[in-house]
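# Coordinates in review
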Amino acid sequence: MNGGPARGGGHAVVRPRSAVAALVAAAVLGLVTGRFVLPSPPGADAHPAARSGAAVGGATQGASAPAPPGASTPAPSASGSGSPTGSTGPVTKANLLEPAAFGPDAGVGKIHVTDRYGDGNYANAACTGEKTLTETLGGPGAHFRGLMTGTRTNASDPTLAWDGADQVAREVAAEARSASLAQNFSQRLLLEQVPCQEEAPGHWVYGRTTTLRLAPDVTASWMGVYQGSLNTTGTAPEGEEPCGGIAVLRSGTHYGVLEVDACLGTAAMDRVVRTALSRL
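What you are looking at is a predicted structure, and each value in this text was computed from that prediction instead of being measured.

## A word on the overall build of the protein chain
Helix and strand counts for the protein chain stand at four helices and 10 strands. The N-to-C order of helical and strand elements in the protein chain reads α-β-β-α-β-β-β-β-α-β-β-β-β-α. Classification of the 280 residues of the protein chain by burial places 50% in the buried group. Long-range contacts, defined as pairs at least 24 residues apart, comprise 75% of the intrachain contacts of the protein chain with a sequence gap of at least 6. Element-wise, carbon and sulfur atoms account for 57% of the exposed surface of the protein chain, whose accessible area totals about 11,900 Å².

This is the structure:
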């Protein structure tokens, strides 16, 4: 998955497994406070591929001002609908995001879908190091889905576009043995990304963490991505729209990561993440 961070060809950076306990504790604290403060790993000065065009689907008129980077902002469930029930059982292709979620207003054109099952790299952020899902969680394989505008795919992974500019989004989803384990996995996956909320000026950076909660066990946390040219203070700029981003999803025993490469603004990202969560 790429969604801002550069993917492929980087050197793997695997943090010591002894830090897992501390990360899990930090996840709980971070989710309560809405602010994650973790040290930024070395060697994180690479810039992501340039994104073209302005962000699509910015904040709607009358929306409140953006919270500071790292702040968690719960969002209400969709009006007129009851609280959904967390998913159980195996993840199938029916649980994955469809092209229709992006809609014509996203301006990405026709979207092709490719699927595979197994292990592999996900959300390979230069600031946190490239890891596979098994390296992070130690679990079995997962469903990988690539959504792209081109038909040529990476020879080693068909869910990645041959030309990174063609990648619209990439989702990785799997099931855990219990809802509590799925929550643990989703917290750990989020912690793999939050160090990217603070980077040296000029480096691409993730923005604040926004939390969607459709039910107690149906939640998503997402962060927009901002190009290095907008990072002048070491954190995401105030009052600017993101250009895509990344989300960690959980529904009952299901969990996953969705990385959006299309240059979507706040409102469009919120809509796409909400759709992915409702399907998971």
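Now, onward.
## Describing the packing of aromatic side chains
Ring pairs (aromatic) are described by centroid distance and by the angle formed between their planes. One pass over the structure, following the stated rule, counts two aromatic pairs. Look at Phe185 and Tyr255: their rings are 5.1 Å apart centre to centre, the planes differ by 70°, and that puts the pair in the edge-to-face class. On the criterion of sequence distance, the pair formed by Phe185 in helix α3 (residues 179-191) and Tyr255 in strand β10 (residues 254-260) is long-range, its members being 70 residues apart. Per residue, the accessibility class of Phe185 equals that of Tyr255, and both read buried. Here the aromatic rings of Trp204 and Tyr206 are separated by 5.0 Å at their centres, their planes lie at 75°, and the arrangement is edge-to-face. No difference in accessibility class separates Trp204 from Tyr206, as the two residues are buried. It is Arg116 that lies over the ring of Phe144; its NZ or CZ is 3.9 Å from the centre. Directly above the aromatic system of Trp162 lies the positively charged group of Arg152, at a separation of 3.7 Å from the ring centroid.

## Let's talk about the confidence of the model for the protein chain
Per-residue pLDDT for the protein chain averages 76, and the proportion of residues at 70 or more is 68%. This model gives residues 58-81 a pLDDT under 50, and the stretch forms 48 contacts once residues within four places in sequence are excluded.

## Examining the pattern of salt bridges
One pass over the structure, following the stated rule, counts seven salt bridges. In this structure, Arg279 and Glu98 form a salt bridge, with 3.6 Å as the shortest nitrogen-oxygen distance. Highlighted residues: Arg279 in helix α4 (residues 266-279) and Glu98 in the loop between β1 (73-75) and β2 (112-118), separated in sequence by 181 residues. Across the pair Arg274 and Asp270 runs a salt bridge, and its minimum N-O distance is 3.5 Å. With a gap of four residues between them, Arg274 and Asp270 both fall in helix α4, about one helical turn apart. Sharing partners across several salt bridges, the network here consists of Glu98, Asp115, Arg145 and Arg279.

## Looking at the pairing of β10
β10 sits mainly inside the fold: seven of its seven residues count as buried. Taking every second residue as pointing to the same face, both faces of β10 are buried, with His254, Gly256, Leu258 and Val260 on one and Tyr255, Val257 and Glu259 on the other. Examined bridge by bridge, strand β6 (residues 167-175) and β10 share seven bridges and lie antiparallel to one another. Note that in β10 the partner of Arg170 across the bridge is Glu259. Here strand β9 (residues 245-251) runs beside β10; their pairing, made up of seven bridges, is antiparallel.

## What about the nonpolar core?
One finds Phe102, Leu249, Leu258, Val260, Leu264 and Val273 to be the most contacted residues of the largest nonpolar core, which totals 29 residues. Elements represented by at least two residues in this core include exactly β6, β7 (205-215), β8 (218-226), β9, β10 and α4. Core analysis: the next-biggest nonpolar cluster, separate from the first, contains 24 residues, Phe144, Leu189, Val225 and Ile246 among them.

## Some thoughts on the environment of Thr132
Summarising the element assignment, Thr132 is placed in the loop between β2 and α2 (133-137). In this structure, the C-alpha to C-alpha distance between Thr132 and Tyr122, residues 10 residues apart in sequence, is 6.2 Å. Those residues in contact with Thr132 that sit more than four places away from it in its chain are Asp119, Gly120, Asn121 and Tyr122.

## Things to note about the state of the cysteines
Evaluated as defined, the whole model comprises one disulfide. A sulfur-sulfur separation of 2.0 Å characterises the disulfide bridge that pairs Cys243 with Cys263. Every disulfide takes its handedness from the sign of the S-S torsion; for Cys243 and Cys263 that torsion is -130°, giving left-handed. Here Cys263 lies in the loop between β10 and α4 and Cys243 lies in the loop between β8 and β9, a separation of 20 residues in the sequence. Each member of the pair Cys243 and Cys263 is classed as buried.

Each value, and the rule that gives it
Residues numbered from 1 in each chain as written. Predicted model: local features only at pLDDT ≥ 70, side-chain atom pairs only at ≥ 80, totals over all residues. Heavy atoms only, no water. Helix = DSSP H or I, 4+ residues; strand = E, 2+ residues; numbered from the N terminus. Buried < 20%, exposed > 50% of the residue type's maximum accessible area, 1.4 Å probe, protein only. Contact = heavy atoms within 4.5 Å. Areas by Shrake-Rupley, 256 points an atom, 1.4 Å probe, with all protein chains shown as cover. Phe/Tyr/Trp six-rings, centres within 6.5 Å; stacked < 30°, edge-to-face > 60°. Lys NZ or Arg CZ within 6 Å of the ring centre and 35° of its normal. pLDDT = per-residue confidence, 0-100. Salt bridge = Lys/Arg side-chain N within 4 Å of Asp/Glu carboxyl O. Pairing = 2+ DSSP bridges. Core = buried A, V, L, I, M, F, W, Y, C linked by side-chain atoms within 4.5 Å. Disulfide = S-S within 2.5 Å.

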